[in-house]
Amino acid sequence: MPNEFDEAKLMAAARAAREHSYSPYSAFAVGAARLCEDGVVVTGCNVENAAYPLTICAEEAAVATAVAQGRRRYSAIAIAGPANASAPPCGGCRQILAEFAPSLTVLYSSGEETHEKASLEVLLPAQFELP
Ligand code: THU
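Rules of the game
Residues numbered from 1 in each chain as written. Predicted model: local features only at pLDDT ≥ 70, side-chain atom pairs only at ≥ 80, totals over all residues. Heavy atoms only, no water. Helix = DSSP H or I, 4+ residues; strand = E, 2+ residues; numbered from the N terminus. Rg over C-alpha atoms; globule rule 2.2 N^0.38 Å. Buried < 20%, exposed > 50% of the residue type's maximum accessible area, 1.4 Å probe, protein only. Contact = heavy atoms within 4.5 Å. Areas by Shrake-Rupley, 256 points an atom, 1.4 Å probe, with all protein chains shown as cover. Polar contact = N/O pair within 3.5 Å; in protein donor to acceptor, adjacent residues only side chain to side chain. Near = heavy atom within 4 Å. Nonpolar A, V, L, I, M, F, W, Y, C, P; charged D, E, K, R; others polar. Phe/Tyr/Trp six-rings, centres within 6.5 Å; stacked < 30°, edge-to-face > 60°. Lys NZ or Arg CZ within 6 Å of the ring centre and 35° of its normal. Salt bridge = Lys/Arg side-chain N within 4 Å of Asp/Glu carboxyl O.

### Brief notes about the overall build of the chain
What the chain contains, in helices and strands, is 4 helices and 5 strands. Counting from the amino terminus, the chain carries its helices and strands in the arrangement α-β-β-α-β-α-β-β-α. Taking 2.2 N^0.38 as the reference for a compact globule, 131 residues should give roughly 14 Å; the C-alpha atoms of the chain span a radius of gyration of 14 Å, in line with that estimate. The principal-axis extent of the C-alpha atoms belonging to the chain is close to 35 × 35 × 30 Å. Expressed as a percentage of its 131 residues, the buried residues of the chain come to 43%. Nonlocal contacts in the chain, meaning residues at least 24 apart in sequence, comprise 60% of its contacts between residues at least 6 apart. Carbon and sulfur atoms provide 56% of the accessible area of the chain, an area that totals close to 7,000 Å².

Next comes the structure, spelled out in structure tokens:
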């Protein structure tokens, strides 16, 4: 697992992105910060919709933005949820994250000052890929 990046800085970027969350239905604001191969940090936040299933997760938004910028390769992502919750990525986001970085390092908040760290290979074993 690559470890040569500033975890606190990446989590701070995720918490800053969380400020832009549009989450009037769940009140569960999420921000994500993706550390790209070139060192650029690309962020995203959850964007909810009155038609609930159309909601976009923060990680999904960060991945889509980075790919649209030509930044497919990345080594780490930080996810920041509300202060009183743990915010591991949902199952669908784990698969989205795996597309470009199967052994990604994932940081996720476990409070406003704390976070957990795990490899995506542990969070999503037996990753789906087409033959
Ligand atoms: N959410 C994320 O942004 N990422 C996840 O990995 C889990 C859930 C958002 C979706 C929804 O807006 C809110 O959190 C509550 O489910």
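Further notes follow.
### A few points about the side chain of Ser23
Mapped onto the secondary structure, Ser23 falls in the loop between α1 (7-18) and β1 (31-36). A polar side-chain atom of Ser23 sits 2.8 Å from a polar atom in the side chain of Ser21. Not counting residues up to four positions away in its chain, the partners in contact with Ser23 are Phe28, Ala29, Asn46 and Glu48.

### Some points on the site of the ligand
Around the ligand lies a shell formed by Ser26, Phe28, Val30, Asn46, Glu48, Thr55, Cys57, Ala58, Glu59, Pro89 and Cys90. In the environment of the ligand, an oxygen atom lies 2.8 Å from a nitrogen or oxygen atom belonging to the backbone of Cys90. For the ligand, the protein covers 78% of the area, taking 370 Å² as the surface of the free molecule. Taken together, the residues of the shell around the ligand break down into 6 nonpolar, 3 polar and 2 charged.

### Quick notes on the packing of aromatic side chains
Scanning the model with the defined rule gives 1 aromatic pair in all. Where Tyr25 meets Tyr52, the ring centres are 5.5 Å apart and the plane angle is 45°; that geometry is what we call tilted. You can see Tyr25 sitting in the loop between α1 and β1 and its partner Tyr52 sitting in the loop between β2 (41-45) and α2 (58-68), a full 27 residues away along the chain. Accessibility expressed as a relative area gives 42% for Tyr25, which makes it partly exposed. Taking relative accessible area as the criterion, Tyr52 reaches 57% and is therefore assigned exposed. Sitting over the face of the ring of Tyr74, Arg34 holds its NZ or CZ atom 3.6 Å from the ring centroid.

### Let's talk about the pattern of salt bridges
Across all of its chains, the model carries 5 salt bridges by this definition. Here Glu7 makes a salt bridge to Lys117, at a shortest N to O gap of 2.8 Å. Here Glu7 is found in helix α1, whereas its partner Lys117 is found in strand β5 (residues 115-119), with 110 residues between them in sequence. Here Lys117 falls in the partly exposed class, since its relative accessible area comes to 35%. A salt bridge links Arg18 to Glu112, with the shortest nitrogen-to-oxygen separation between them at 2.7 Å. One end of the pair, Arg18, is in helix α1; the other, Glu112, is in the loop between β4 (105-109) and β5, and 94 residues separate them in sequence. Its relative accessible area of 12% is what places Arg18 among the buried residues. Here the salt bridges share partners, and the residues they tie into one network are Arg15, Arg18 and Glu112.

None of this, on its own, says anything about what the molecule does.
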